[in-house]
Amino acid sequence: VAAAALPWAPPVFIKPVGGGTGKGITPACIVRGRAALGPACAQLLARDRQPGLIGPYLPGREFTTGIVGTGARAEVLGTIEVQLLDTAEPGAYSYSNKEECRTRVHYRLLRPEGDPAAAAAEATALAAWRALGCRAGGRVDLRCDAHGRPLFLEVNPLAGIHPDHSDLPIICGKRGIPYRELIRRIVDSARARLAGEG
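Thresholds, definitions, all that
Residues numbered from 1 in each chain as written. Predicted model: local features only at pLDDT ≥ 70, side-chain atom pairs only at ≥ 80, totals over all residues. Heavy atoms only, no water. Helix = DSSP H or I, 4+ residues; strand = E, 2+ residues; numbered from the N terminus. Rg over C-alpha atoms; globule rule 2.2 N^0.38 Å. Buried < 20%, exposed > 50% of the residue type's maximum accessible area, 1.4 Å probe, protein only. Contact = heavy atoms within 4.5 Å. Lys, Arg positive; Asp, Glu negative; His and termini not counted. Charge placed at Lys NZ, Arg CZ, Asp CG, Glu CD. Pairing = 2+ DSSP bridges. Salt bridge = Lys/Arg side-chain N within 4 Å of Asp/Glu carboxyl O. Axes fitted to C-alpha atoms, helices over the stretch in contact; angles between N-to-C directions. Disulfide = S-S within 2.5 Å. Polar contact = N/O pair within 3.5 Å; in protein donor to acceptor, adjacent residues only side chain to side chain. Phe/Tyr/Trp six-rings, centres within 6.5 Å; stacked < 30°, edge-to-face > 60°.

Visitor: Give a detailed account of the overall build of the protein, specifying residues and quantitative values.
Guide: Within the protein one finds 6 helices and 8 strands. A compact globule built from 198 residues would reach a C-alpha radius of gyration of about 16 Å, and the protein, at 17 Å, matches this within 12%. Burial analysis of the protein (198 residues in total) assigns 41% to the buried set. In the protein, once contacts between residues fewer than 6 apart in sequence are set aside, the share between residues at least 24 apart is 60%. Seen as two clouds, the 25 positive and the 19 negative side-chain charges of the protein have centres 3 Å apart.

Listed below in structure tokens is the structure:
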């Protein structure tokens with residue numbers, strides 16, 4: 001890694017290319033100085049044995065938006081804000097924080113009406129879902145920059161669906177959408193696509 005070539009000033013965030021549920025994400029992923037970037041990347045490569053992604057560290061609010069459907073029929077199920085508690089590892093929705101979410105994380109259901117950042121997050125999430133050709137159901141993760149603008153982090157087209165522990169069912173639960181209804185919507189979307197209905 002040529003730290004001088006990065007277009008962003010520190011802090012930056014490094015993460016493994018692959019691995020769900022925050023695998024490889026720890027507070028050490030926040031690199032606060034250029035001199036520390038090379039060693040941090042070397043540690044990531046040695047630990048995770050895969051390439052990493054480097055981007056600007058986004059210090060603002062963190063959202064995850066649930067989506068069901070394909071193409072023009074895709075729609076937002078809801079958005080939650082991931083709020084780390086004092087018991088959490090700081091600064092990142094890490095693997096450890098996700099595994100211990102009951103004691104480390106508060107999930108706050110957002111209403112886009114009256115919350116411009118939430119409305120922008122949902123619009124960005126839906127646009128990304130459609131642009132990337134995602135299908136049936138999943139999630140889009142976003143985080144706000146220092147100016148409060150939500151930016152796309154990643155899409156989860158095979159999002160976890162554990163009824164008690166995965167973000168997509170958590171979103172639905174907070175919206176009053178039963179778990180069986182979530183599964184029905186995903187299956188109906190897949191059936192419609194396979195039948196050539198979109």
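Visitor: For the sheet that holds strand β2 (residues 30-31), give the residues involved together with the corresponding values.
Guide: Read from one edge of the open sheet, 3 strands run β2-β1-β3, paired in antiparallel fashion. Strand pairing shows two members of the sheet lacking a second neighbour, β2 and β3 (52-56), which therefore form its edges. Where strand β1 (residues 12-16) and β2 come together, 2 bridges link them in antiparallel fashion. Residue pairing across strands places F13 opposite I30, the latter belonging to β2.

Visitor: How would you sum up the side chain of R104? Please name residues and give values.
Guide: Here R104 lies in helix α3 (residues 101-104). One buried charged residue, R104, remains without a salt bridge, the closest side chain of opposite sign being E89 at 4.8 Å. Here R104 is in contact with Q83, L84, L85, T87, A88, E89, S96 and N97, once residues within four sequence places are set aside.

Visitor: Any chance you could break down the sheet that holds strand β4 (residues 62-68) for me, citing the residues and the numbers?
Guide: If you walk across this open sheet you meet the 5 strands as β6-β5-β4-β7-β8, and the pairing is antiparallel. The sheet is open, and its two edges are formed by β6 (105-109) and β8 (150-156), each paired on a single side. When the angles between neighbouring strand axes are averaged without regard to direction, this sheet yields 30°. Pairing geometry for β4 and strand β5 (residues 75-84), over 6 bridges, is antiparallel. The residue bridging I67 from the neighbouring strand is V76, located in β5. Relative to β5, helix α6 (residues 179-194) is tilted by about 130°, and along the sheet it contacts β4, β5 and β7 (137-144).

Visitor: Lay out the state of the cysteines in plain terms, naming residues and giving numbers.
Guide: Tallying each qualifying case throughout the model produces 0 disulfides. No disulfide involves C101; its sulfur sits 16 Å from that of C172, the nearest cysteine. Its relative accessible area of 5% is what places C101 among the buried residues. C29 provides the cysteine sulfur closest to C144, a residue in no disulfide bond, and the two sulfurs are 20 Å apart.

Visitor: So what about the side chain of S94? Which residues, and what values?
Guide: Note that S94 resides in the loop between β5 and α2 (95-99). For S94, the side chain forms a polar contact with the main-chain nitrogen of N97, separated by 3.1 Å. Sequence-distant contacts of S94, that is, excluding residues within four places in its chain, are made with G22, I25, T26 and E89.

Visitor: I'd like a description of the packing of aromatic side chains, backed by residues and values.
Guide: Inspection of every chain in the model, using the stated rule, returns 2 aromatic pairs. Seen in terms of ring centroids, F13 and Y57 are 6.2 Å apart; in terms of plane orientation they differ by 25°. Their pairing is stacked. A residue pair is termed long-range when its members are at least 10 positions apart, and F13 in strand β1 and Y57 in the loop between β3 and β4 qualify at 44 residues. In this structure, F13 and Y57 share a single accessibility class: buried.

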